[in-house]
Amino acid sequence: YRSLFEDSFDTIFIISNSGRILDVNQACLQLLGYTPRELRQLDKLDVLIAKEDQERFYREIVEFGSVVDFQGELVHREKRKVPVLVTATPRLNENGGQVGYQGYVRNISDRVEARQLRQRTKQLEVNATVDPLTRAFNRRYFLQAADTERSRALRNKTPLSLILLDIDHFKAINDEYGHLAGDEVLAAVARRVHKEVRKSDIFARYGGEEFVLLLPDTTLEQAMPRAEKLREDIETLKIVSSSGASISISASLGVAAWPDEQSLNETLAQADKALYQAKESGRNRTQAWLASTSSAVI
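The rules behind the values
The residue numbers shown here count from 1 along each chain, following its written sequence. The predicted origin of the model limits local features to residues at a pLDDT of at least 70 and limits the giving and counting of side-chain atom pairs to 80 or more, whereas totals for whole chains, interfaces and linings rest on all residues. Water and hydrogen atoms play no part in the side-chain values, which are based on all heavy atoms of the structure. A run of H or I in DSSP becomes a helix once it reaches four residues, and a run of E becomes a strand once it reaches two; helices and strands are each numbered from the N terminus. Two things to know: the radius of gyration comes from C-alpha atoms, and the globule rule equals 2.2 Å times the number of residues to the power 0.38. Residue burial is assigned from relative accessible area. The probe radius is 1.4 Å, only protein chains are included, and a residue is buried under 20% of its type maximum, exposed over 50%, and partly exposed in between. Residues adjacent in sequence count toward polar contacts only when both atoms are side-chain atoms; beyond that, a polar contact is any pair of N or O atoms within 3.5 Å, and within protein one must be able to donate a hydrogen and the other to accept it. Any pair of residues with heavy atoms lying within 4.5 Å of one another is described as a contacting pair. Here, expected helix span is obtained from the residue count minus one, scaled by 1.5 Å. Starting at the helix axis, one direction is taken to each C-beta atom, and the arc is that of these directions. Working definition of a nonpolar core: buried Ala, Val, Leu, Ile, Met, Phe, Trp, Tyr and Cys residues. They are joined through side-chain atoms within 4.5 Å. All axes are obtained by fitting lines to C-alpha atoms, using only the stretch in contact for helices, and the reported angles, taken between N-to-C directions, cover 0 to 180 degrees. Roughly parallel means an angle under 35 degrees; roughly antiparallel means over 145; roughly perpendicular covers 65 to 115; every other angle is labelled oblique. When residues are grouped by polarity, Ala, Val, Leu, Ile, Met, Phe, Trp, Tyr, Cys and Pro land in nonpolar, Asp, Glu, Lys and Arg in charged, and all others, Gly among them, in polar. In the cavity and pocket records, a cavity denotes points on a 1 Å grid over the protein atoms alone where a 1.4 Å probe fits but cannot get out, a pocket denotes an open set with protein on both sides within 12 Å along at least 5 of 7 lines, and lining residues are residues with an atom within 4 Å of a point. Grid points are joined across faces, edges and corners, and a volume is the space filled by probe spheres set on the points. Whenever Lys or Arg places a side-chain nitrogen within 4 Å of a carboxyl oxygen from Asp or Glu, that contact is recorded as a salt bridge.

**Student:** Describe the overall build of the protein, with residues and values.
**Tutor:** Along the backbone of the protein there are 10 helices and 13 strands. Here the C-alpha atoms of the protein give a radius of gyration of 31 Å, more than 25% beyond the 19 Å that 2.2 N^0.38 yields for 298 residues. Taken over the C-alpha atoms alone, the protein extends approximately 95 × 55 × 35 Å along its principal axes. Here the protein holds 298 residues, and 44% of them are scored as buried.

**Student:** Talk me through the side chain of Arg-231; I want residue IDs and the actual numbers.
**Tutor:** Relative to the assigned elements, Arg-231 resides in helix H9 (residues 220-235). Polar side-chain contacts of Arg-231 include one of 3.0 Å to the side chain of Asn-284. Those residues within four positions of Arg-231 in sequence are excluded, and the remaining contacts are Ala-251, Leu-253, Asn-284, Arg-285 and Thr-286.

**Student:** I'd like a rundown of helix H4 (residues 51-64), residues and numbers included.
**Tutor:** Compared with an ideal rise of 1.5 Å per residue, which puts 14 residues at 20 Å, H4 spans 21 Å between its outermost C-alpha atoms and is within 8% of the ideal. Along H4, the residues that are buried comprise Asp-53, Gln-54, Phe-57 and Ile-61. Each buried residue of H4 sits inside an arc of 115° when the element is viewed along its axis, so together they form one side. Opposite the buried face of H4, at more than 90 degrees from it, the exposed residues are Glu-55, Val-62 and Glu-63. In this fold, the buried residues of H4 make contact with strand S3 (67-75), strand S4 (81-92) and strand S5 (98-107). Gly-65 sits one or two positions beyond H4 and adopts a positive phi of about 80°.

**Student:** Tell me what's going on with the nonpolar core, and back it up with residues and numbers.
**Tutor:** Formed by 31 residues in total, the largest nonpolar core has its most connected members in Leu-165, Val-185, Val-189, Phe-211, Ile-249 and Val-255. At the level of elements, strand S6 (160-167), helix H7 (170-177), helix H8 (179-196), strand S8 (210-216), H9 and strand S11 (251-257) are the ones that each hand at least two residues to this core. It is H8 that contributes the most residues to this core, 7 residues altogether. Those residues within four positions of Ile-249 in sequence are excluded, and the remaining contacts are Ile-173, Val-185, Val-189, Ile-234, Glu-235 and Leu-237. Counting residues in hydrophobic clusters, the runner-up holds 24 residues, among them Phe-13, Cys-28, Leu-45 and Phe-70.

**Student:** Pulling in residues and values, what's your account of the side chain of His-76?
**Tutor:** Turning to its location among the elements, His-76 is positioned in the loop between S3 and S4. A relative accessible area of 5% means that His-76 is categorised as buried. One polar contact links the side chain of His-76 to the main-chain amide nitrogen of Glu-78, over a distance of 3.0 Å. Not counting residues up to four positions away in its chain, the partners in contact with His-76 are Leu-31, Leu-32, Gly-33, Tyr-34 and Val-82.

**Student:** Which residues make up the packing of H7 against H8, and what values do they have?
**Tutor:** Following both chains from N to C, one finds H7 and H8 inclined at 140°, their axes separated by 7 Å at the closest point. One element, H7, and the other, H8, form an angle in the oblique class. On H8, the residues that touch Phe-170, Ile-173, Asn-174 and Tyr-177 of H7 are His-179, Ala-181, Gly-182, Val-185 and Leu-186. For the contact of H7 with H8, the per-class residue count stands at 6 nonpolar, 3 polar and no charged.

**Student:** Give me empty space enclosed by the protein: which residues, what numbers.
**Tutor:** In this structure the tally under the stated criterion is 2 cavities of 30 Å³ or more. For the lining of the largest cavity, the element with the highest residue contribution is S3, accounting for 4 residues. Lining of the second largest cavity is provided by Ile-163, Leu-165, Val-193, Phe-203, Phe-211, Val-212, Leu-213 and Leu-230. Elements with a minimum of two residues in the lining of the second largest cavity: S6 and S8. Considering each element in turn, the lining of the second largest cavity owes the most residues, 3 residues, to S8. Its residues placed into classes, the lining of the second largest cavity shows 8 nonpolar, no polar and no charged.

**Student:** Lay out the pattern of salt bridges with the relevant residues and their values.
**Tutor:** Evaluation of the coordinates by the stated rule reveals 21 salt bridges. Between Asp-10 and Arg-106 there is a salt bridge, with the nearest N and O atoms lying 2.6 Å from each other. Pair noted here: Asp-10 is in the loop between helix H1 (2-7) and strand S1 (11-16) and Arg-106 is in strand S5, with a separation of 96 residues, a long-range link. Of the residues examined, Arg-106 reaches a relative accessible area of 34% and is grouped as partly exposed. As a salt-bridge pair, Glu-235 and Arg-231 come within 3.4 Å of each other at their nearest N and O atoms. Taken together, the residues Glu-235 and Arg-231, both in helix H9 and 4 residues apart, mark about one turn of the helix. On the basis of relative accessibility, which here comes to 10%, the residue Arg-231 falls in the buried class. Among the charged side chains, a salt-bridge network with shared partners connects Arg-2, Glu-6, Asp-23 and Arg-40.

Read these as layout, nothing more, since geometry by itself doesn't imply function.
Set out below in structure tokens:
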């Protein structure tokens, strides 16, 4: 028994009901920098348990009588924190009375570091694909994702459509209310569009005050009312500048289908022409590109 106790890679402990360490194996030295003798001389465990974990640890002990795989941090002799899993179960005497607790502590630093690395990697991926102001995808990601959707549409023989959205008189907003107000306008428009997009849609900030929305499995006839709904929603937005001024905004939208024989650039160019015509027609309009008649406006 003693050999198993001492040879364990986990720190095995026996403590009294008052929290005094009665016995602990040599693994504690590598885990916390204390020898077994030094730990046995401690009056309480508080010095070892990170302050932010103490209340939760003791509450679970009192409420459940034990803890199993309690995740928290212990304080190393060098004052650095060590992420651990703690299991502590009641220790009984021959009469069935509880005389303390016994259990083990497992170092999970490698596991925590691996999780943190995955989180950092994921965040870097997000930073590489998402516009930080609007939380829409950036142009680079859109071009890559559009290529993927194009291949899927050709394979499944499903339609694709595209919407270009441009905020009207955006330069005048920046000039009159300042760039911070302009940023809030961009963010507010993006938030409103986000509420309307499907999981399959690809919404991106294409550049400046211009956004693009790729609609898989959507014909031009289906895309037009969706674009018009976005225009109406944006028209209802009221932005309050830092000076307290209320900013009314609108947007013009160009819509185009993406035929099988066309490239993305050609389709973007058609949507852009429709957008230009919407602005030429007075702005705050939704206009579609139609090959037969050049355009149609709502």
